[in-house]
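Single-letter residue listing:
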Amino acid sequence: MSAPGTDEIVVDHLTKQYKKLRAVDDLSFRVRSGRVTGFLGPNGAGKTTTLRMLLGLVTPTAGTATFGNQKYVDLPDPVREVGAVLEASSAHRGRTGRNHLRMICRAAGLPDTRADETLEMVGLTPAANRKFKGYSLGMKQRLGIAAAMLGDPKVLILDEPANGLDPEGIRWMRDLLKALAGQGRTVLVSSHLLGEMQLLADDVVIVAAGKLIRQGPVAEVLGDMSGGVQVRVRTPQVPELTAALSELDATVTPSEDGSLVVHGVEAAAIGHAAFTARVELHELATERGDLEQVFLQLTAGKAGIR
Ligand SMILES: Nc1ncnc2c1ncn2[C@@H]1O[C@H](COP(=O)(O)OP(=O)(O)OP(=O)(O)O)[C@@H](O)[C@H]1O
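Residues numbered from 1 in each chain as written. Predicted model: local features only at pLDDT ≥ 70, side-chain atom pairs only at ≥ 80, totals over all residues. Heavy atoms only, no water.

Labelled according to an unreviewed UniProt entry, the protein appears under the name ABC transporter ATP-binding protein, originating from Paractinoplanes pyxinae.

See the structure below:
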């Protein structure tokens, strides 16, 4: 493997033991820049513990979590390198969103103007002068992202950012994170919302019971699974189509609803075979497994509270 850049997250044999519980168990994975990586796992899988170790908030029992080759605590200018939103932002109840961000700017040696720029980025400009105690959970999430982006970091880490957001808010978050990755940043997002991850993530890292289950591009993880891609065909001439497909390298399984499920060949080849055999088709649809099914198969028996 090539040497990682500082914007690449490298988790290497990371382990966290809490008394009898191994919350994270010899976990290794890499997160690349310019992509959104979904960090997925059932409740208690060790996602938050891993992110906290990455940010130097929890000390690993073994292994390392680094940005390139540097631990978070050793980064020369962490605010400009790594932004994180671990839970919905908390701020003094009586302080406005703008003042909350300005205080962080001052503490980090950043110009005050960054407060307004990041408020604009997260769509909070109209609420900039409202007090934090009046913010909805979705507004608090947005403020958390604004705070994380103050230093214009190359890496952004978010723990369950969709929590508390309505469908429009989730869509907004998806567009923002994709845009930030599109600018070349590294975006790592933990979630158990699998449908959302399928729309958002380029890569996934799936964990269960503290261990790595699978990692890779979403399409590859979906495609790897048995039955990942299949074609559903409906025809009034089942025997004729089955005979025509037997000449291709296809596996044909009749469904209870009368359709045929075909593995091993693409829809175009099936359409061509049907046309050549003068078989009438009423449906020809490529079906991809969804992340939720794959996730449930991969984590079966490993989920649950420990
Ligand atoms: N400080 C701690 N002391 C003891 N056990 C802990 C501590 N922090 C976490 N754990 C345990 O470690 C396991 C992993 O927890 P973690 O919060 O990392 O999982 P998660 O994948 O983020 O789960 P969720 O999706 O529910 O937030 C859980 O069983 C949790 O109870």
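Having seen the structure, we can now continue with the description.
1. Thoughts on the site of the ligand
Of all residues adjacent to the ligand, which total 12 residues, the nearest are Gly-44, Gly-46, Lys-47, Thr-48 and Thr-49. Within the backbone of Gly-46, an N or O atom sits 2.9 Å from an oxygen atom of the ligand. A distance of 2.8 Å separates an oxygen atom of the ligand from a polar atom in the backbone of Lys-47. Relative to its unbound accessible area of 640 Å², the ligand is 61% covered by the protein chains. Breaking the shell around the ligand down by element, the ones donating at least two residues are β2 (21-31) and α1 (47-54). With 3 residues, α1 is the largest single contributor of residues to the shell around the ligand. By residue class, the composition of the shell around the ligand is 5 nonpolar, 5 polar and 2 charged. (Near = heavy atom within 4 Å. Polar contact = N/O pair within 3.5 Å; in protein donor to acceptor, adjacent residues only side chain to side chain. Areas by Shrake-Rupley, 256 points an atom, 1.4 Å probe, with all protein chains shown as cover. Helix = DSSP H or I, 4+ residues; strand = E, 2+ residues; numbered from the N terminus. Nonpolar A, V, L, I, M, F, W, Y, C, P; charged D, E, K, R; others polar.)

2. Here's the deal with the pattern of salt bridges
Under the counting rule described, the total for this entry stands at 15 salt bridges. Glu-8 serves as the salt-bridge partner of Arg-30, at 3.4 Å between the closest nitrogen and oxygen. With a gap of 22 residues between them, Arg-30 in strand β2 and Glu-8 in the segment before β1 (9-18) connect regions that are remote in the sequence. A salt bridge links Asp-152 to Arg-185, with the shortest nitrogen-to-oxygen separation between them at 2.8 Å. Of this pair, Asp-152 sits in the loop between α5 (137-149) and β6 (155-159) while Arg-185 sits in the loop between α6 (167-182) and β7 (186-191), placing them 33 residues apart in sequence. The exposure class assigned to Arg-185 is buried, which follows from its relative accessible area of 12%. When salt bridges that share partners are traced, they join Arg-22, Asp-25 and Lys-211 into one network. (Salt bridge = Lys/Arg side-chain N within 4 Å of Asp/Glu carboxyl O. Buried < 20%, exposed > 50% of the residue type's maximum accessible area, 1.4 Å probe, protein only.)

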